[in-house]
Amino acid sequence: MENGVSSFNQFIHELSVDSDSSSVDYASAEDEPDEIYRSTPSSPLSDGSGTCRTSAHINHDPHWTNWVAYIFSWILLPARFLLRIPFLLFRLLSSQESKASLDTGSPRPRTFHPFRKVHSSKDHVVQRTIDRRRGVIEDLHLAIEIFIEAIFDMFHKAAYFVFSPFAAFRIFGKWFSSPSAGDKDIDYNVSNASVPTATLGANDPSPRERNLTLHHTLNTDARTCRDVITELGYPYEAIHVITSDGYVILLERLPRRDARKAVFLQHGILDSSMGWVSNGVVGSPAFAAFDQGYDVFLGNFRGLVSREHVDKNISLRQYWRFSINEHGTEDIPAMIEKIHEVKTAELKLSHPNEETTDEQPYKLCAISHSMGGAAMLMYVIIRRIEEKPHRLSRLVLLSPAGFHDETSFLFTVAHYICLLLAPILALFVPALYIPTRFFRMLFNKLVRDFHNYPAVGGLVQTILSYGFGGDSSNWVGVLGLPHYNMNDMPGLSFRVIHHLAQIKRTKKFRMYDFGSKAVNMEVYGSPEPIDLGEYYSLIDIPVDLVAGKKDQIITSSMVKKHYRLMKDSGVDVSYNEFEYGHLDFTFAHHEELLAFVMSRLLLVEPDLKRQSSPKEALKLKKTGQARSGVSSD
């Protein structure tokens with residue numbers, strides 16, 4: 001004892017403090033409450049809450065270890081019984097010993113502690129020391145350690161019973177004579193209970209109930225775009241939009257309700273709105289635009305494994321029957337019309353005395369990446385063909401899809417296989433996605449292994465980079481983003497793949513070819529799909545094209561093809577290149593890119609000229625006459 005603190009407690013405190021600096025890089029948003037408890041000074045409240053959290057770990061970890069042991073015993077079927085039988089035996093012996101100790105009521109300290117309590121305390125120290133998510137390799141390592149300790153604990157119990165036969169007879173006597181011998185273990189149901197917690201610094205420091213969720217138990221990251229935005233202190237609003245063909249898509253927003261300038265950000269293939277906020281406050285386009293006074297809207301395409309649709313009984317094959325056509329002619333129009341409806345109503349409320357002849361009292365710019373850029377171009381052209389307003393003032397397209405003459409060998413082979421076997425593949429593979437929560441959880445944990453073990457992560461990075469033609473994007477970092485989690489993730493429709501293969505074969509930016517002249521005639525009014533490149537002259541707003549010199553998925557030459565066609569068609573278009581890979585435009589922190597994008601948006605200023613009321617017009621007229629009289633004098 002030194003200053004009233006035992007040497008063991010002082011050692012544990014120093015161990016947790018020393019480890020904080022080494023585990024900062026691995027901390028996630030789910031671990032923030034633990035960081036609060038570690039970084040605040042000691043107080044009676046913190047001591048009480050720490051005790052409560054310790055008890056939560058002690059009661060909760062056995063359930064987690066049993067669950068992990070069960071999963072890995074199921075995966076490793078030959079070792080299933082070897083992993084399960086020792087746990088059942090030591091649980092039975094532990095429960096009987098604990099009952100015996102409670103019945104005797106002896107003040108003598110027990111010479112043998114149950115495995116459950118000792119191991120839970122150890123796990124608590126490990127959890128405090130290594131505060132990060134675990135991967136499959138670490139879970140397997142943990143399961144093996146639990147198995148080995150369970151075996152040795154059985155030998156310890158056997159030795160205890162051999163050298164203390166009277167205690168053994170007393171325990172077995174209680175076992176057979178007690179009427180409550182079949183009761184459940186005390187800790188069996190504790191893991192399903194709510195854990196009382198207290199937050200330091202709150203106005204009301206009384207304990208609150210915190211429900212234990214499944215993704216916390218499985219040690220995975222299941223944050224959503226909403227979680228990221230609100231954790232960083234920004235406002236958030238979710239708007240559910242229903243397309244004309246019944247798909248329910250999520251339009252997310254960082255609202256500035258009185259702003260007359262808005263920006264719409266649309267992601268690309270196998271991505272979501274998470275890409276625009278994943279770099280945090282400093283490096284994310286969504287936060288940069290909001291800080292500059294924009295009302296920010298984040299679009300999401302259809303195509304999640306949750307299959308959101310007004311028809312709750314929609315079949316798998318029917319849900320995934322969409323191509324890039326539906327993204328450009330259904331999803332984007334529905335979201336932009338919803339933005340127009342919301343912004344118009346809000347501005348009328350915030351400026352009730354203003355009268356305007358302008359149908360759109362705000363300016364809306366769009367930033368799109370990859371397939372989102374192709375869909376946005378399709379949207380503008382089709383709306384112009386249909387003589388409907390597209391409501392956009394400027395387009396900023398980051399490595400837009402549309403032309404794919406130059407692709408890697410792997411992509412080329414995949415495209416031709418898709419074209420040759422399209423009728424067969426469409427029947428058996430409606431989409432590419434991870435179907436079950438278990439395999440999505442396994443994928444999430446494997447990605448953690450890529451991050452935790454540099455050699456494994458480097459190997460995966462090299463394979464993916466060369467597989468995609470040498471693209472230099474941070475593939476391992478992108479795979480670890482929260483929107484690839486066990487609850488939901490984006491999928492890829494087979495028709496989207498088929499559409500991209502058709503574009504590569506024809507070397508034209510065309511709409512989807514249904515393979516039948518009759519169907520094409522019904523949809524497009526011609527036997528061939530619409531060649532969008534031939535209608536670039538209809539684009540009536542400025543367009544900024546941005547390409548990546550290290551982008552091997554959509555090369556800079558393909559973006560230049562967009563530029564040449566637009567330039568020849570008289571479009572107000574600009575072209576710029578950066579030293580980026582394909583995914584760096586959204587998932588990497590580049591201040592020069594953010595500065596360029598914001599400079600493009602700032603070129604569009606809201607029209608502040610408004611038609612005034614008759615009384616205000618008369619007042620302005622008199623003021624103007626008075627000023628003219630003064631100037632003439």
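Residues numbered from 1 in each chain as written. Predicted model: local features only at pLDDT ≥ 70, side-chain atom pairs only at ≥ 80, totals over all residues. Heavy atoms only, no water.

Enquirer: When you look at the side chain of Thr 243 in this model, what are you seeing that I'm missing?
Expert: Assignment of secondary structure puts Thr 243 in the loop between strand E3 (237-242) and strand E4 (248-254). Engagement of the side chain of Thr 243 in a polar contact is seen with the side chain of Asp 245, the distance being 2.4 Å. Those residues in contact with Thr 243 that sit more than four places away from it in its chain are Ile 249, Arg 302, Glu 330, Asp 331 and Ala 334. (Helix = DSSP H or I, 4+ residues; strand = E, 2+ residues; numbered from the N terminus. Polar contact = N/O pair within 3.5 Å; in protein donor to acceptor, adjacent residues only side chain to side chain. Contact = heavy atoms within 4.5 Å.)

Enquirer: In this structure, what is going on with the sheet that holds E3? I would like to understand it.
Expert: Within a beta sheet, neighbouring strands are joined by backbone hydrogen bonds and run either parallel or antiparallel to one another. Spatial ordering of the open sheet is given by E3-E4-E6-E5-E7-E8-E11-E12, a layout of 8 strands whose pairing is mixed. For this open sheet the edge positions go to E3 and strand E12 (573-578), each flanked by a neighbour on one side alone. Looking at each pair of strands side by side, their axes are set apart by 20° on average, direction ignored. The strands that helix H13 (residues 324-350) touches are E3, E4, strand E5 (261-266), strand E6 (295-299) and strand E7 (363-369); relative to E4, the one it contacts most, it runs at about 45°. Where helix H22 (residues 556-568) meets the sheet, it contacts strand E11 (543-548) and E12, and its direction lies at approximately 165° from that of E12. (Pairing = 2+ DSSP bridges. Axes fitted to C-alpha atoms, helices over the stretch in contact; angles between N-to-C directions.)

Enquirer: When you look at the pairing of E3 in this model, what are you seeing that I'm missing?
Expert: Regular strands have side chains that alternate between both faces of the sheet. As paired elements, E3 and E4 share 6 bridges and run antiparallel to each other. When the bridges of E4 are listed, Glu 237 appears paired with Arg 253. Connecting E3 to the next strand, E4, in antiparallel fashion are 5 residues, including Gly 246 with a positive phi near 95°.

Enquirer: Mind showing me how you'd approach the nonpolar core here?
Expert: Buried together is how nonpolar side chains tend to be arranged in soluble globular proteins. Phe 264, Leu 392, Leu 395, Ile 539, Val 543 and Met 566 are the most contacted members of the largest nonpolar core, which totals 71 residues. It is helix H14 (residues 371-385) that provides the largest number of residues to this core, a total of 10 residues. Each residue touching Phe 264, except ones within four places of it in the same chain, is listed here: Leu 251, Phe 297, Gly 299, Met 335, Ile 339, Leu 364, Cys 365, Ala 366, Ile 367 and Met 376. Counting 34 residues, the second-largest nonpolar core is a separate cluster that includes Cys 225, Tyr 236, Leu 265 and Val 604. (Core = buried A, V, L, I, M, F, W, Y, C linked by side-chain atoms within 4.5 Å. Buried < 20%, exposed > 50% of the residue type's maximum accessible area, 1.4 Å probe, protein only.)

Enquirer: Help me understand the packing of aromatic side chains, please; the structure alone is not making it clear to me.
Expert: Where two aromatic rings form a pair, the distance of their centres and the angle of their planes describe that pair. Scanning the model with the defined rule gives 18 aromatic pairs in all. Taking 5.3 Å as the distance between ring centres and 75° as the angle between the ring planes, the aromatic pair formed by Phe 438 and Phe 439 counts as edge-to-face. Residue Phe 439 is classed as partly exposed on the basis of its relative accessible area, which comes to 45%. Each ring, one from Phe 468 and one from Trp 475, has its centre 4.4 Å from the other, and the planes form 10°; the classification is stacked. (Phe/Tyr/Trp six-rings, centres within 6.5 Å; stacked < 30°, edge-to-face > 60°.)

Enquirer: Looking at this structure, how should I read the pattern of salt bridges?
Expert: Close approach of charged atoms allows side chains with opposite charge to pair. Within this structure, the stated rule accounts for 21 salt bridges. Of the charged contacts, one joins Arg 510 and Glu 528 as a salt bridge, the two residues approaching to 3.3 Å between their closest N and O atoms. One end of the pair, Arg 510, is in the loop between helix H20 (494-506) and helix H21 (517-524); the other, Glu 528, is in the loop between H21 and E11, with 18 residues separating them in the sequence. The exposure class of Arg 510 is buried, given its relative accessible area of 12%. Look at the salt bridges and you will find they share partners, linking Glu 237, Arg 253, Arg 257, Asp 295, Lys 343 and Glu 346 into a network. (Salt bridge = Lys/Arg side-chain N within 4 Å of Asp/Glu carboxyl O.)

Enquirer: Just checking my understanding: could you explain the environment of Ala 426 for this structure?
Expert: Note on placement: Ala 426 falls in helix H16 (residues 422-428). Classification of Ala 426 by relative accessible area gives partly exposed; the value is 32%. Residue contacts for Ala 426: discarding those within four places in its chain leaves Arg 317 and Phe 494.

Remember that the coordinates give geometry; whether it matters functionally is a separate question.
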